[in-house]
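The lines below spell out each chain.
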Amino acid sequence: MTVGRDYMLKKTTGPSAPKYFIDTQIVPRLVNAVGRGEVLLDRSAVRLGIRPSVLVGGAACVVAGLLWNTRRGQSGTTDQA
């Protein structure tokens, strides 16, 4: 894509309302939540004396196991009357 000399003249005055809302409301909240999670992970790793990657891996395994058991439990249930 090439940009001509009059690009700035044709450009709209600002972002659309949905993009403005996402950029000013959603993104900052997500970034703050991720930052809080990172601080929590770092503090937990220091307190427990375990590397953060081990904590994340362990949490991922626990979540995967719970999902696996939940899915396995749903497919095997049948109503017997």
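This text gives an overview of the structure that appears in the document. All residue numbers refer to positions counted from 1 along the written sequence of the respective chain. In view of the model being predicted, local features appear only for residues whose pLDDT reaches at least 70, and side-chain atom pairs are presented and counted only at 80 or more, with totals across whole chains, interfaces and linings using the full set of residues. The side-chain quantities take in all heavy atoms of the structure and omit both hydrogens and water.

This part is about the overall build of the protein chain. Scanning the protein chain from terminus to terminus reveals three helices and zero strands. Along the protein chain, helices and strands appear, N-terminal first, in the series α-α-α. Note on classification: 1.4 Å probe, protein chains only; a residue is buried when its accessible area is under 20% of the maximum for its type, exposed when over 50%, partly exposed between these limits. Expressed as a percentage of the 81 residues in the protein chain, the buried residues total 1%. For the area figures, the Shrake-Rupley method with a 1.4 Å probe applies, and any residue is considered shielded solely by the protein chains shown. Taken as a whole, the protein chain presents about 7800 Å² of accessible surface, with 62% of it coming from carbon and sulfur. Counting from the N terminus, the helices are the DSSP runs of H or I reaching at least four residues and the strands are the DSSP runs of E reaching at least two.

So, on to helix α2 (residues 17-48). Every helix has an expected span of 1.5 Å times one less than the residues it contains. The first and last C-alpha atoms of α2 sit 46 Å apart over 32 residues, in line with the 46 Å expected at 1.5 Å per residue. What the bend at a residue measures is the angle between two axes, fitted to the seven residues ending there and to the seven starting there. When the local axis directions of α2 are compared, the greatest deviation, roughly 35 degrees, occurs at D23. Just beyond α2, the residue with positive phi is G49, at close to 75 degrees.

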